[in-house]
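What the coordinates show
Here's the letter readout for the chains.
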Amino acid sequence: MAPSVSQIEPVVSDPIQAAKQNLKATEAVKTEEVNEVKAEVAAKGPSYPSYLPHLDVTEKFPPLELFDHVDPGSRADRKKPHLLTPNVKTTHISPYLGTEVEGIQLSSLGKEGLDELALLVAERKVVVFRDQDFKDLGPERQIEIAKHFGPIHVHPTSGNVKGFPEFHVVYRDAQHDIFQEYAGSNRANHTSWHSDVSYERQPPGTTFFFILDQPEVGGGDTLFLSQVEAYNRLSPEFKKRLEGLKALHSAVYQAEFSRKRNGPVRREPVETEHPLVRVHPVTGEKALYVNQGFTRHIVGFKSEESEYLLKFLFDHISKGADFQIRARYEPGTVVVWDNRVTAHSAIPDFSPTFRRHAVRLTPQAEVPTEKL
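Per an unreviewed UniProt entry, the protein goes by Laminin IV type B domain-containing protein and derives from Psilocybe cyanescens. Of the protein, the UniProt comment under Subcellular location (unreviewed entry) reads exactly: "Secreted, Extracellular space, Extracellular matrix, Basement membrane". Taken verbatim from the UniProt record of the protein, the Sequence similarities (unreviewed entry) comment is "Belongs to the TfdA dioxygenase family."

Printed below as a string of structure tokens:
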């Protein structure tokens, strides 16, 4: 005899509870996968352990002294016969900045070729070299090449290479995620436009950045923008208003951040006034020279006035996607950029379970000026 309706116990499914259980199961699988990747990355170790960040709190250096600077690009043959040989392929990334170069090794360039490199970088702002042997040259040779463009800046707080303080080491993995701390982990947007150490009296010019390890699933590239085109977009009347203005660039926050983490402060932090608009000594192009990373105040303005104008300029720079590029990294990539007329931002769009390891060599250039 069939059971009566009252004898049947219906199977009731709670969709919310089921969804929660599925979510927990999925998260458990993801956690296990992440842990496996972390273990794999840790077991593999860095490809270039001798370039791991070295942080010695006892390391101290004297204040930087002014020096006479002649930009190598001013000596270069405009046709660049030693650099852009017939075998070299160039591809422009954007009309305003960025060129990819294939078919020549930076390590093969002599004095004339390096002069031409300075000129090309000044003209194109960012140049991406592919399939380079640069990372395998050794620190002495790498430094020798970079010194052609000026005395190499020794960073006051960042990790360097033991025995070679000229290197600025960029390193991030599951155990080391200083970017999140410095940029601010409570931000919805981690884009942070800056021009390297613009607080120095003689900030950097032609700058080298090369990849040692990168995330296997892509990511970890760098955004660049043209401060020349950012200036060119302004109205003639607004440009007139910027003439003669100076802004204060400060290293104080960077030093305080390092001290809080018990990191080094190799030189006491400096604050320097630079013109809001500077002129490139070789191309003669005018460029904005402000950045969110280090520009703090417009000299002679009251606080509200300074904040208002700087906010406009920072917004103008950051929203100008049509004069920005994304420099894409792959094994053997070396990016050379002109720090005087660009700003850049890291893109931390990769999982910290992966390793990103890179090194920067940062030759200093002239004192910024608004007139040639």
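All right, on to the sheet that holds strand β11 (residues 295-298) then. Overall, antiparallel pairing links the three strands, which are arranged β8-β7-β11 in an open sheet. Each edge of the open sheet is held by one strand with a lone partner, namely β8 (271-275) and β11. Averaged over all neighbouring strand pairs, the angle between strand axes comes to 30°, with direction disregarded. Judged from the three bridges that link them, strand β7 (residues 246-250) and β11 form a sheet pairing that is antiparallel. Counted as the bridge partner of L248 is H297 from β11.

Let us now look at unusual backbone geometry. The phi angle at K125 is positive, at roughly 75°, despite the residue not being glycine. In this structure, D131 is a non-glycine residue whose phi angle is positive, near 55°.

All right, on to the packing of aromatic side chains then. Scanning the model with the defined rule gives 11 aromatic pairs in all. Taken together, a centroid distance of 5.9 Å and an interplanar angle of 15° make the contact between F134 and F208 stacked. Of this pair, F134 sits in the loop between β3 (126-129) and α3 (139-146) while F208 sits in strand β5 (residues 206-213), and the two are 74 residues apart along the sequence. By relative accessible area, which is 0% here, F134 ends up buried. Residue classification places F208 among the buried residues on the basis of a relative accessible area of 0%. When the ring of F164 is compared with that of F167, the centres are 6.4 Å apart and the planes differ by 80°; the resulting orientation is edge-to-face. One aromatic cluster is present, built from ring pairs that chain together Y48, Y51, F164 and F167. In this structure, K239 packs its charged tip against the face of Y231, placed 4.8 Å from the ring centre. In this structure, R278 packs its charged tip against the face of Y289, placed 4.7 Å from the ring centre.

Basis of the calculations
- Residues numbered from 1 in each chain as written.
- Predicted model: local features only at pLDDT ≥ 70, side-chain atom pairs only at ≥ 80, totals over all residues.
- Heavy atoms only, no water.
- UniProt positions renumbered as here; feature names shortened; annotations may be inferred.
- Pairing = 2+ DSSP bridges.
- Helix = DSSP H or I, 4+ residues; strand = E, 2+ residues; numbered from the N terminus.
- Axes fitted to C-alpha atoms, helices over the stretch in contact; angles between N-to-C directions.
- Phe/Tyr/Trp six-rings, centres within 6.5 Å; stacked < 30°, edge-to-face > 60°.
- Buried < 20%, exposed > 50% of the residue type's maximum accessible area, 1.4 Å probe, protein only.
- Lys NZ or Arg CZ within 6 Å of the ring centre and 35° of its normal.

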